Amino acid sequence: MAKAPQNAISPTREEDYAEWYQQVVRAADMAETSPVRGCMVIKPWGYAFWENIQKNMDAMFKATGHSNAYFPLFIPKSYLEKEAEHVEGFAKECAVVTHHRLEAGPDGGLVPAGELEEPLIVRPTSETIIGALYAKWVQSYRDLPILINQWANVVRWELRTRLFLRTAEFLWQEGHTAHETEKEAWEETKLMLEVYREFVEDYLAMPVLTGSKTPNQRFPGAVETLCIEAMMQDRKALQAGTSHFLGQNFAKASGIIYQSREGKEEHAWTTSWGTSTRLIGGAIMTHGDDDGMIMPPRLAPNHVVILPIYRKDEEREASLAYAEGIAADLRKMDSPWGGKVQVLVDKRDMNAGEKGWEWVKKGMPVRVEVGPRDIEKNAVFVARRDKGPTETYGQGRDEFIQALPGVLKEMQDGLYAKALAFRQQHTRDIDDLGEFT
RNA sequence: CGGGGCGUAGCGCAGUCUGGCAGCGCGCCUGCUUUGGGAGCAGGAAGUCGGCGGUUCAAAUCCGCCCGCCCCGACCA
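Residues numbered from 1 in each chain as written. Chains lettered and ligands numbered in written order. Predicted model: local features only at pLDDT ≥ 70, side-chain atom pairs only at ≥ 80, totals over all residues. Heavy atoms only, no water.

Enquirer: An account of the nonpolar core is requested, with residue identities and associated values reported.
Expert: Membership of the largest hydrophobic core comes to 52 residues, with the highest contact counts inside it found for Phe-49, Ile-53, Phe-164, Phe-199, Leu-204, Ile-284 and Met-293. Elements represented by at least two residues in this core include exactly α1 (17-27), α2 (44-63), α6 (182-202), β10 (224-231), β11 (237-245), α8 (278-287) and β15 (304-308). Once you skip the residues sitting within four places of it in the chain, Leu-204 turns out to touch Phe-49, Ile-53, Phe-199, Leu-279, Ala-283, His-287, Pro-296, Leu-299 and Gln-412. The next biggest cluster of nonpolar side chains, apart from the first, holds 24 residues, and it includes Phe-71, Leu-144, Ala-178 and Phe-250. (Core = buried A, V, L, I, M, F, W, Y, C linked by side-chain atoms within 4.5 Å. Buried < 20%, exposed > 50% of the residue type's maximum accessible area, 1.4 Å probe, protein only. Helix = DSSP H or I, 4+ residues; strand = E, 2+ residues; numbered from the N terminus. Contact = heavy atoms within 4.5 Å.)

This is how it looks when you write it as C-alpha cells:
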C-alpha cells in the first residue's frame, strides 16, 4: 500500500496562501482558466454551488418584494457618459464593441467590418441602461417603487485576475431600485445589506462585518456604499457584497422623473446592490483547509456521498444494493434547512482510496463508505469533512440516517463558529488610522 | 499598468550555461491483478520544445523582435 502524503493540497495555507488557493480550486474541480485571458470556466461542481447560492439568495430577494428581469449585455457608449464619476470609475476597464461583422481578410483571416455609428460597451454594471428604461417606466409617484434584480454576467477588463475572486467576466446579481423618497431609498440600501449579511452568514457560514466604504472606495457615482466584509484565512478582508445609496445622481443622469403627489416633477431616488461569483472564492478561503475545499452543507451540491466498497463481483452487487438502499432512506430525510437530504452514490469503478480523496478535495460534507463488513453489521463507516482525516467512525445504518440532518446542522454551525473565532483572534481595535498598518 | 518569474506531451518538470537522436514523473489507453487512506505488473498512444526571423553543417539550447501565463504591488464585486 502506497504511503499517502500528509495533505491533499500542496503547498499548505501556511507555506503559500495564494498558491494554496489556486490548487484548491483546481483540486476541487470547481473552475479553470480559459483560452480567453482573464475569463474562467466554471465546472459542474463549482457551478452547482453557484446555482445553490442563486436559488437561495433569489428566494430572499423575492421575500423582500423584488422581481427578476433582464437587461441587455450592451450599453450605448453615450449612456455611460451620462454620469461623470461613473465614467471615470469604469472607463479604464471596459470592453468596447465597434463592429458588427467579419469579412475575409487578405491573408485568409477575418477582419472586422461594418463599423458601428456608436460603439457599444459590454456592461461593467447596468445602472445606466437600467436607468434609461426606468426613465420610461416612471411617470408618476404611483409607478414607484421599482424593485428589480437581474442575474447576469458583466465584464470588467481587470489587469490581474484570480479564479472566482476577480475575473474579467463574472456572474453576479445586480439589484436596481427606484423610490419616491430619500428615506425609502436609504431603507432599501440598508435592507439589502442586511439580506446579504444574513445570506453570507447563515448560508455560506462566513461571519461578516458591515460598514460603509470610504469616499475613495465608494461605487463610482454613489452617494454612499455599504458593504459586508469577511476575513479570509490569510487575515485579509474580502469584500463580499455591496449596497449603494445612489441618491438622485443616476436619476438625474438618466432622467428618472416622476410627478409627485403635489403635482411637481421630482427626480427619483435610486439604489443598486450586488454580489458575485466572488462569494465562491470567499467560501474557499474561509473554510478550505490543507486537504482542499470544505463546502458549507447548507449550499453544498450534495450533502452526502456514498462509496460502495467491494473486492469481488458478488460483493460489488451487494455493496451497490446496500448503498442504494441507504441513499433511498436518506433521501426521505428532511434537510435542516428545508427540502430533502441530497445524496450521491459514487458507483465509479476506481480505487477506493483515490475516490475517497477526490471527495475530500471537493469538500463533500459527509462521506460514507459501505462494504462487506458494514453490510454484515448493518452499519456504515462515516467521515465528516469538518473533522480530521483520521476522525472517522462506524455507526449503525439507521442510527446514521436519523442522525444525519443533525450532523449537517452541526457542521454548518461549526464552520461559522470556527471562522468567527479565527476573525476574533486576529482582530484588534485601533483608534486612529495612523495605527493601521 | 510598475517589479519579478516562467513558456518543452493533458498536468508538473529536467534538458538551455557549454548547440549534436525529444526526456522524466504523474495522468491517459489496453490487459490482468486490485479496491476499507491516494493501487501493482506488463504493453501502448501522445510534442510544429509559445510565435516569427537570424546565426550555424546542425538550434529546445545562441541572437533579435513579438505573444502568452503566473506571482507581488496599485485598482476592483
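This is not the end of the story, as more comes after the structure.
Enquirer: Please set out the environment of Ala-318 residue by residue, giving values where relevant.
Expert: With respect to the secondary-structure elements, Ala-318 resides in helix α9 (residues 313-330). A relative accessible area of 37% places Ala-318 in the partly exposed class. A sequence separation of 57 residues divides Ala-318 from Ile-375, and the C-alpha atoms of the two residues are 8.2 Å apart.

Enquirer: Report on the protein's contact with RNA strand B, specifying residues and quantitative values.
Expert: Around RNA strand B there are 42 residues in total, and Arg-37, Arg-160, Gln-239, Arg-311 and Asp-374 lie nearest to it. The protein-proximal atoms of RNA strand B, defined as those within 4 Å of the protein, are 46% sugar or phosphate. In the environment of RNA strand B, a sugar or linking oxygen lies 3.5 Å from a nitrogen or oxygen atom belonging to the side chain of Glu-158. A distance of 3.1 Å separates a base nitrogen of RNA strand B from a polar backbone atom of Thr-167. In terms of residues, the surface near RNA strand B owes the most to one element, helix α10 (residues 352-362), which gives 5 residues. Tallied by class, residues from the surface near RNA strand B come to 17 nonpolar, 11 polar and 14 charged. (Near = heavy atom within 4 Å. Polar contact = N/O pair within 3.5 Å; in protein donor to acceptor, adjacent residues only side chain to side chain. Nonpolar A, V, L, I, M, F, W, Y, C, P; charged D, E, K, R; others polar.)

Enquirer: Give me the lowdown on α6, citing residues and values where you can.
Expert: Given a rise of 1.5 Å per residue, 21 residues ought to cover 30 Å, and the 30 Å separating the end C-alpha atoms of α6 matches this to within 8%. Among all positions of α6, only Ala-185, Glu-188, Thr-189, Met-192, Leu-193, Val-195, Tyr-196, Phe-199, Val-200 and Glu-201 are buried. (Expected span 1.5 Å × (residues − 1).)

Enquirer: Now, about the state of the cysteines: what can you tell me, with residues and values included?
Expert: Applying the stated criterion across every chain, the model contains 0 disulfides. Its sulfur unpaired, Cys-39 is 14 Å from the next cysteine sulfur, which belongs to Cys-94. The buried category is assigned to Cys-94, whose relative accessible area is 16%. (Disulfide = S-S within 2.5 Å.)

Enquirer: Mind laying out the packing of aromatic side chains, listing which residues take part and the relevant values?
Expert: Per the counting criterion, the structure on display carries 14 aromatic pairs. Between Tyr-17 and Trp-20 the ring centres are 5.1 Å apart and the planes differ by 35°, which places this aromatic pair in the tilted class. Note that Tyr-17 and Trp-20 are positioned in helix α1 at a spacing of 3 residues, about one turn of the helix. On the basis of relative accessible area, Tyr-17 is assigned to the buried category, the value being 12%. Between Phe-199 and Tyr-203, the ring centres sit 4.9 Å apart and the planes meet at 20°, which makes this aromatic pair stacked. (Phe/Tyr/Trp six-rings, centres within 6.5 Å; stacked < 30°, edge-to-face > 60°.)

Enquirer: Any details on the confidence of the model for chain A? Residues and values, ideally.
Expert: Do not read the predicted coordinates in detail wherever pLDDT is low. With 97% of its residues at a pLDDT of at least 70, chain A reaches an overall mean of 91. Ranking the elements of chain A by mean pLDDT puts helix α4 (residues 84-90) last, at 80, and strand β3 (residues 67-68) first, at 98. Predicted confidence is poor over residues 1-5, with pLDDT under 50, and the contacts of this stretch with residues over four places away or in other chains come to 0 contacts. For this predicted complex, the interface score ipTM comes out at 0.83, alongside a pTM of 0.94. (pLDDT = per-residue confidence, 0-100.)

Enquirer: Now, about the sheet that holds strand β5 (residues 96-104): what can you tell me, with residues and values included?
Expert: In spatial order, the strands read β4-β6-β5; together these 3 strands make up an open sheet with antiparallel pairing. Edge positions in the sheet fall to β4 (74-76) and β5, since each of these pairs with one other strand and no more. With direction set aside, neighbouring strand axes in the sheet form an average angle of 45°. Where β4 lies against strand β6 (residues 110-122), 3 bridges are found, and the strand directions are antiparallel. Bridge assignment links Phe-74 to a residue of β6, and that residue is Val-122. (Pairing = 2+ DSSP bridges. Axes fitted to C-alpha atoms, helices over the stretch in contact; angles between N-to-C directions.)

Enquirer: Describe the environment of Val-341, listing the residues and the values that go with them.
Expert: Inspection of the secondary structure puts Val-341 in the loop between α9 and β16 (343-345). Judged by its relative accessible area of 1%, Val-341 is buried. Separated by 64 residues in sequence, Val-341 and Pro-405 place their C-alpha atoms 7.5 Å apart. Once residues within four sequence positions are removed from consideration, Val-341 is found in contact with His-303, Val-304, Leu-330, Arg-331, Met-333, Asp-334, Ser-335 and Leu-404.

Enquirer: I'd like a rundown of α1, residues and numbers included.
Expert: Count 3.6 residues to each turn of an α-helix, and residues three or four apart come out pointing the same way. Of all the positions in α1, only Tyr-17, Trp-20, Tyr-21, Val-24 and Val-25 are classed as buried. One side of α1 holds all its buried residues, which, seen down the axis, span an arc of 135°. The secondary structure elements touched by the buried residues of α1 are β1 (31-33) and α8. (Arc of directions from axis to C-beta.)

Enquirer: Residue-level account of empty space enclosed by the protein, with values.
Expert: Rolling a probe over the atoms, with the probe sized like a water molecule, indicates the empty space that remains. Throughout the structure, instances matching the rule amount to 1 cavity of 30 Å³ or more. Among the elements of the structure, α5 (127-137), β8 (169-179) and β14 (269-276) are those that each provide at least two residues to the lining of the largest cavity. Looking at the lining of the largest cavity, its residues break down into 5 nonpolar, 5 polar and 1 charged. (1 Å grid on protein atoms, 1.4 Å probe; cavity = no way out; pocket = protein on both sides within 12 Å on 5 of 7 lines; lining within 4 Å. Points joined across faces, edges and corners; volume = space filled by probe spheres on them.)

Enquirer: Before we move on, could you go through the pattern of salt bridges and cite the residues and values that matter?
Expert: Following the criterion strictly, the structure yields 24 salt bridges and no others. Lys-312 is the salt-bridge partner of Glu-315, the closest N and O atoms lying 3.7 Å from each other. Judged by relative accessible area, Glu-315 falls into the buried class, the value being 18%. Note that Arg-348 and Glu-358 form a salt bridge whose closest N and O atoms lie 2.6 Å from each other. In this pair, Arg-348 is assigned in the loop between β16 and α10 and Glu-358 in helix α10, connecting sequence segments 10 residues apart. (Salt bridge = Lys/Arg side-chain N within 4 Å of Asp/Glu carboxyl O.)

Enquirer: Explain the pairing of β8 to me, and be specific about the residues and the numbers.
Expert: Of all 11 residues in β8, 10 are buried, a share of seventy percent or more. Pairing of strand β7 (residues 146-155) with β8, which is carried by 10 bridges, proceeds in the antiparallel orientation. Bridge pairing in β8 places Val-155 opposite Glu-169. Direction of pairing for β8 relative to β14: antiparallel, over a ladder of 8 bridges. When the bridges of β14 are listed, Gly-175 appears paired with Trp-273.

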